[in-house]
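# A look at the structure
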Amino acid sequence: MPESIEYTVRRSALEAERTWRVDDTGLSWTDPSRPGLFPYKDIVEIRLQWLGSRADLDRYACHVRRFNGWTETIVSTHYDGPMQFPDRSKAYIPFVGALIHRTSSANPACRFRAGSSSAAYFGSLAAMLAGLGLLLLVMVSIGVVFPWLIVVKLIIIAVLAPLAIRWLKVNRPRSFDPGAIPASVLPSPS
């Protein structure tokens, strides 16, 4: 394995670009406002997750949590401007692989998770079902007075349903072996 591997990305308009580094000391980053270092022995959990949205469908994230709860998130797409998220999966995939490999070697107690936390997953599922129930209630109470409104709502559901179903499949909470990272929580190499 190389001495160190680097990955540079900007998560959002509100953050500066960061260069992340995995080397013998741990996970470190350079940031004008807050550089930092997580030694491998301090990392208690690495969670891989798909964070796709209508604006940025190919966004995946690696959440690295330290023993004190401090979490840093590394994403697979770069923020260039409004609605502009270039894919950085060619650099993201080997970076995350190196981070997981080095962390598991240096810290066997670290937990490796895929998808959302159980609370976030089931909370999101409950919110989706409640939203659909409320929408159904509104559609039934409006009746045939505004049939065009019902059609608009059905179109919205048809457009958003595949995204919601994909989110539920990919972000199902589970653990994984650091030697076998699930492909569903990593971007497809382009």
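Throughout what follows, the structure given in this document is the object of discussion. Worth saying up front: this structure is predicted, and the values here are computed from it rather than measured.

Moving on to empty space enclosed by the protein. Any empty space left between the atoms is revealed when a probe the size of a water molecule rolls over them. Applying the stated criterion to the full structure yields 1 cavity of 30 Å³ or more. Within this model, the largest cavity holds a volume of roughly 40 Å³.

In regular strands, side chains alternate between the two faces of the sheet. Most of strand S5 (residues 43-50) sits out of view: 7 of its 8 residues are buried. Summarising the sheet, S5 and strand S6 (residues 60-66) pair through 7 bridges and their orientation is antiparallel. Opposite arginine 47, over in S6, you have histidine 63 as the bridge partner. Relative to strand S8 (residues 111-114), S5 runs parallel, the two being bridged by 4 bridges. Each residue of the ladder has a partner; that of glutamate 45, found in S8, is arginine 111.

What the largest pocket holds in volume is close to 310 Å³. Forming the walls of the largest pocket are 13 residues, and the residues nearest its centre are Met128, Leu132, Leu160, Ala161 and Ala164. Of all the secondary-structure elements, those providing two or more residues to the lining of the largest pocket are helix H2 (118-142) and helix H3 (147-170). The element contributing the most residues to the lining of the largest pocket is H2, with 7 residues. For the lining of the largest pocket, the per-class residue count stands at 12 nonpolar, 1 polar and no charged.

The next point concerns the pairing of S8. Burial of the side chains of S8 is restricted to one face: Phe112 and Ala114 are buried, whereas none of Arg111 and Arg113 on the reverse face is. Here S8 pairs with strand S9 (residues 174-175) via 2 bridges, running antiparallel. Residue pairing across strands places alanine 114 opposite arginine 174, the latter belonging to S9.

Glancing now at the packing of aromatic side chains. Remark: the centre distance and the inter-plane angle together describe each pair of aromatic rings, the angle taken between the planes. Throughout the structure, instances matching the rule amount to 9 aromatic pairs. With centroids separated by 5.3 Å and ring planes inclined at 80°, the aromatic side chains of phenylalanine 38 and tryptophan 70 adopt a geometry described as edge-to-face. With phenylalanine 38 in strand S4 (residues 36-38) and tryptophan 70 in the loop between S6 and strand S7 (71-75), this residue pair connects regions lying 32 residues apart in the sequence. Using a relative accessible area of 29% as the deciding quantity, one classes tryptophan 70 as partly exposed. By way of ring pairs, the aromatic residues Trp20, Trp29, Phe38 and Trp70 are connected into one cluster. Here the basic side chain of arginine 166 rests over the ring of tryptophan 50, its NZ or CZ set 4.1 Å away from the ring centre.

Analysis parameters
Residues numbered from 1 in each chain as written. Predicted model: local features only at pLDDT ≥ 70, side-chain atom pairs only at ≥ 80, totals over all residues. Heavy atoms only, no water. 1 Å grid on protein atoms, 1.4 Å probe; cavity = no way out; pocket = protein on both sides within 12 Å on 5 of 7 lines; lining within 4 Å. Points joined across faces, edges and corners; volume = space filled by probe spheres on them. Buried < 20%, exposed > 50% of the residue type's maximum accessible area, 1.4 Å probe, protein only. Helix = DSSP H or I, 4+ residues; strand = E, 2+ residues; numbered from the N terminus. Pairing = 2+ DSSP bridges. Nonpolar A, V, L, I, M, F, W, Y, C, P; charged D, E, K, R; others polar. Phe/Tyr/Trp six-rings, centres within 6.5 Å; stacked < 30°, edge-to-face > 60°. Lys NZ or Arg CZ within 6 Å of the ring centre and 35° of its normal.

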